[in-house]
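# Chain and residue survey
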Amino acid sequence: MNLSYQSTRGGETGLTASQAILKGLADDGGLFMPNEIPKLDVPLEAFAGYSYQETAYRVMRLFLTDFTEEELRGCIARAYDSKFDTEEIAPLTKADGAYYLELFHGRTIAFKDMALSILPHLMIVSARKNQVKNDIVILTATSGDTGKAALAGFADVPGTRIIVFYPKGGVSRVQELQMITQKGDNTAVVSIHGNFDDAQTGVKKIFGDRAFGKQLDDAGFQLSSANSINIGRLVPQIVYYVYAYAKLVENGEIRCGDEINITVPTGNFGNILAAYIAKQMGLPVKTLLCASNDNKVLYDFFRTGVYDRRRDFVLTSSPSMDILISSNLERLIYLSAGCDAAKNRELMAELSSKGAYTVTEEMRRFMGDFYGGFATEEENAAEIRKVYEDTGYVIDTHTGVASAVYRAYVAASGDATPTVIASTASPFKFSRSVMTAIAGGQGDVDEFAIVDRLSETANLAVPQAVEEIRRADIRHTRECEIADMESVVAEILGL
Ligand SMILES: *Cc1c(COP(=O)(O)O)cnc(C)c1O
């Protein structure tokens, strides 16, 4: 059966998976969704024996229905290889009562590697299938981790260029160094004088500018996205939830068919949406805990049914979650409206004109599997310290938010369902905040001195990704105003 993809705003329908991946974002500003969510078509028991790569094939083939087996297996083999520092790709660690699904064993030590290791390969196959002649320009807004993972994935990939926008002052020092030292002749990194929402809105605006699209096409370029608005990001993220469940079965922690809860530290709502889709595919998941930091727009949304971005943007120690416009929520809104594109379009128009919208009671009931929670800076730090003191296990500041929300939820609800917590980054990416949580203020010392302290405290080797940037040359210094993003893209591409 072939799936067809359409925009959540109704303007485009009937695309193949490869066409949706190539476009990234629909012309009407909507996100692509398949016309139905497929069911897992091998028994759950069978997954217990599968490798990560085989799990990826069994899940992704159901969505990428215009890829041949050979094409898809080729992409998977090239993505999930020795770039990861463990053969399991996404290992589970049991600590302090929960199962931490470590999604940071890829090249840039954040969960973005799980999808961005494979996206370039999916893009190359998609371009070939659709006889694309243009160079593909990947435009990316990043809250810190997508940027580096996309740069690493697309650097020197023939037929592609990549341009990354990040908020100046809105990412950790390690995140920034990772990006501005990036090699590759086809890469560009620009810091903007604004926050992540400004970067993401600016990128979406460039996608929507028809005249600019024409100018690009005349010069032999076309745009695509490496953000989680691209369905090619979302599909690979479903895989590790199925894999984690199978590992729990294999390790005798649960019986096949038992329900689990999943807790996800959330920003753009991509990762938790992937967990939700896994549930729709037949994975026995009970509750999806959506964990926010002080930018708790999603917590308020699940509590009240009102999405309201009209509030101050807070810079926190979990910068990859500092987001007030969670793009992927649009996909859930669309589904909860019974795939009514007109209804979704109306709400998204309200979001952009008024900064808020309200969903119907029926839509809220549809979203009943989600539970919203948030953790303050103090609660996050206390959680990181608690897990370390109880078990010696060190979690990063994003995982800390999820872990704190999970613990508060269990205390309030008494729900003893086994819980998987998405562990989205290596603590080394946020060494200063993590060490401050564990041991108090670190003083005015060099970032890498703190990295070494963390290595000692956690009894872990400094990851290769951090060693690489200790002495790397800075190659990208471009800065721009929000209003100038499009002209910067033109300048980089030599238009
Ligand atoms: C991107 C990111 C998140 C948020 O994920 P979304 O899919 O945007 O909700 C959480 N933690 C880390 C470390 C990230 O890089």
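Scope of this entry: the structure provided in the associated data block. (Residues numbered from 1 in each chain as written. Predicted model: local features only at pLDDT ≥ 70, side-chain atom pairs only at ≥ 80, totals over all residues. Heavy atoms only, no water.)

Around the ligand lies a shell of 15 residues, among which K112, D145, G267, N268 and T424 are the nearest. The separation between an oxygen atom of the ligand and a polar side-chain atom of K112 is 2.6 Å. Between an oxygen atom of the ligand and a main-chain N or O atom of G267, the distance comes to 2.8 Å. Here the ligand has 380 Å² of accessible area as a free molecule, and 98% of this is covered by the chains. Residue composition of the shell around the ligand, grouped by class: 5 nonpolar, 8 polar and 2 charged. (Near = heavy atom within 4 Å. Polar contact = N/O pair within 3.5 Å; in protein donor to acceptor, adjacent residues only side chain to side chain. Areas by Shrake-Rupley, 256 points an atom, 1.4 Å probe, with all protein chains shown as cover. Nonpolar A, V, L, I, M, F, W, Y, C, P; charged D, E, K, R; others polar.)

Most peptide bonds take the trans configuration, and most residues that are not glycine carry a negative phi. The backbone of D96 sits at a positive phi, close to 55°, despite the residue not being glycine. Examined against the element boundaries, D96 turns out to sit in the loop between strand 3 (92–95) and strand 4 (98–102). In this structure, D156 takes a positive phi of about 60° despite not being glycine. In this fold, D156 is placed in the loop between helix 7 (145–154) and strand 6 (160–167). In this structure D156 comes out as exposed when scored by relative accessible area, which is 52%. (Helix = DSSP H or I, 4+ residues; strand = E, 2+ residues; numbered from the N terminus. Buried < 20%, exposed > 50% of the residue type's maximum accessible area, 1.4 Å probe, protein only.)

Further remarks concern the environment of A226. Looking at where A226 falls in the secondary structure, it is placed in the loop between strand 8 (221–225) and helix 11 (231–250). With a relative accessible area of 0%, A226 lands in the buried category. With 24 residues separating them along the chain, A226 and G202 place their C-alpha atoms 15 Å apart.

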